[in-house]
Amino acid sequence: VTKTDASEDRSFRASYEDVGGLDKELQRIREMVELPLKYPEIFRQLGVEAPKGVLLYGPPGTGKTLMARAVSSETNAAFLHVNGPEIINKFYGESEARIREIFETAQRRAPAIIFIDEIDAIAPKRTEVIGDVEKRVVAQLLALMDGLKNRGQVVVIGATNVPDMVDPALRRPGRFDRELSINPPDRFGRLKILKIHTRLMTIDSSVNIEKLAQMTHGFVGADIAILCKEAGMNAVRRLLPEIDFSEELREEDLAKLTINMNDF
Ligand code: ATP
């Protein structure tokens, strides 16, 4: 399954432990999404409407997709990933059919999360330049959200880097009426993210994570993930000449291989 299609999969698992520096945001999204997915009867009993749509906004690579994944994994909900621009670029009439299909699948597989990445591509604000396809797709999306019967059991999470570009019609009550801004991490957030991404790496005592957190001002989570991966590859490159491949690799020799501060 390519990213083009909403891939319904429970295989890619992420936990709350994988998300760094977004404790408050995670708390909010858990209240808004996890609670109604898990206990719709509480909302029903209280006569409180569970949100149908939540809009996450913030710069690329800050963990919007990761958070949505984590909530779906932790609640065992199906995760349907929709890419905004790709849906728009379908052939005539296909976009609406595809969106309808995704909502049908979600309702069949409930509890489910429909994650729409770059939702601004589907629902741009400036009505003057909006094309025919976009108009039809927004109308379809709104109709489908209005028609969601199993409230709380299907939640649509939209993500955008440009919240101001999103059609205000989408942000009305009963639609994406909850918003959460996901900001780049500060030093403490970066420290947590660095710890997450070095968790499985064999780093030696020269690696000063606090220092790395200080040095990476301006890095978002995705940048930190890449930094750690590259440090690992640098270590491999550095260590390769030291390995004697003519002999069988022994456990005790392998145990000496570690990643150091200079690899970062
Ligand atoms: P985009 O707007 O580009 O889709 P995004 O906000 O959805 O970006 P993700 O796709 O969630 O960002 O992040 C990409 C990868 O970066 C994640 O899979 C994860 O490895 C890492 N990452 C990003 N943010 C965090 C974070 N807060 N904690 C830990 N890892 C993170």
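Here the structure is a predicted model, which means the values were calculated and not measured. (Residues numbered from 1 in each chain as written. Predicted model: local features only at pLDDT ≥ 70, side-chain atom pairs only at ≥ 80, totals over all residues. Heavy atoms only, no water.)

1. Some words on the sheet that holds strand β2 (residues 78-83)
Consider a sheet: its strands pair through backbone hydrogen bonds, and that pairing is either parallel or antiparallel. If you trace the five strands from one edge of the open sheet to the other, you get β2-β3-β4-β1-β5, paired in parallel fashion. Each having just a single partner strand, β2 and β5 (178-181) make up the two edges of the open sheet. Neighbouring strand axes in the sheet, compared pairwise and without regard to direction, differ in orientation by 20° on average. Seen against the sheet, helix α1 (residues 23-38) touches β1 (53-57), β3 (112-117), β4 (154-160) and β5 and runs at an angle of roughly 150° to β5. Across the sheet, helix α3 (residues 64-75) touches β1, β2, β3, β4 and β5, and the angle it forms with β3 is around 170°. (Pairing = 2+ DSSP bridges. Helix = DSSP H or I, 4+ residues; strand = E, 2+ residues; numbered from the N terminus. Axes fitted to C-alpha atoms, helices over the stretch in contact; angles between N-to-C directions. Contact = heavy atoms within 4.5 Å.)

2. Brief notes about the pattern of salt bridges
Enumeration over the complete set of coordinates arrives at nine salt bridges. Between D18 and R199 there is a salt bridge, and its shortest N-O distance comes to 2.7 Å. Separated by 181 residues along the polypeptide, D18 in the segment before α1 and R199 in the loop between α7 (187-198) and α8 (209-215) bring together distant segments of the chain. (Salt bridge = Lys/Arg side-chain N within 4 Å of Asp/Glu carboxyl O.)

3. Description of α1
The α-helix advances 3.6 residues per turn, and as a result positions three or four apart in sequence lie on the same side. R30 marks the point of greatest bend in α1, at about 40°. All of the buried residues along α1 are E25, L26, I29, M32, V33, E34, P36 and L37. (Bend = angle between axes of the 7 residues up to and from the residue. Buried < 20%, exposed > 50% of the residue type's maximum accessible area, 1.4 Å probe, protein only.)

4. Regarding the site of the ligand
In the vicinity of the ligand, 18 residues are found, and the nearest of them are G20, G61, K64, T65 and L66. Within the backbone of G20, one N or O atom sits 2.9 Å away from a nitrogen atom of the ligand. Within the contact set of the ligand, an oxygen atom lies 3.0 Å away from a backbone nitrogen or oxygen of G63. Relative to its free-state accessible area of 620 Å², the ligand is covered by the protein chains to the extent of 78%. In terms of residue class, the shell around the ligand is made up of seven nonpolar, eight polar and three charged. (Near = heavy atom within 4 Å. Polar contact = N/O pair within 3.5 Å; in protein donor to acceptor, adjacent residues only side chain to side chain. Areas by Shrake-Rupley, 256 points an atom, 1.4 Å probe, with all protein chains shown as cover. Nonpolar A, V, L, I, M, F, W, Y, C, P; charged D, E, K, R; others polar.)

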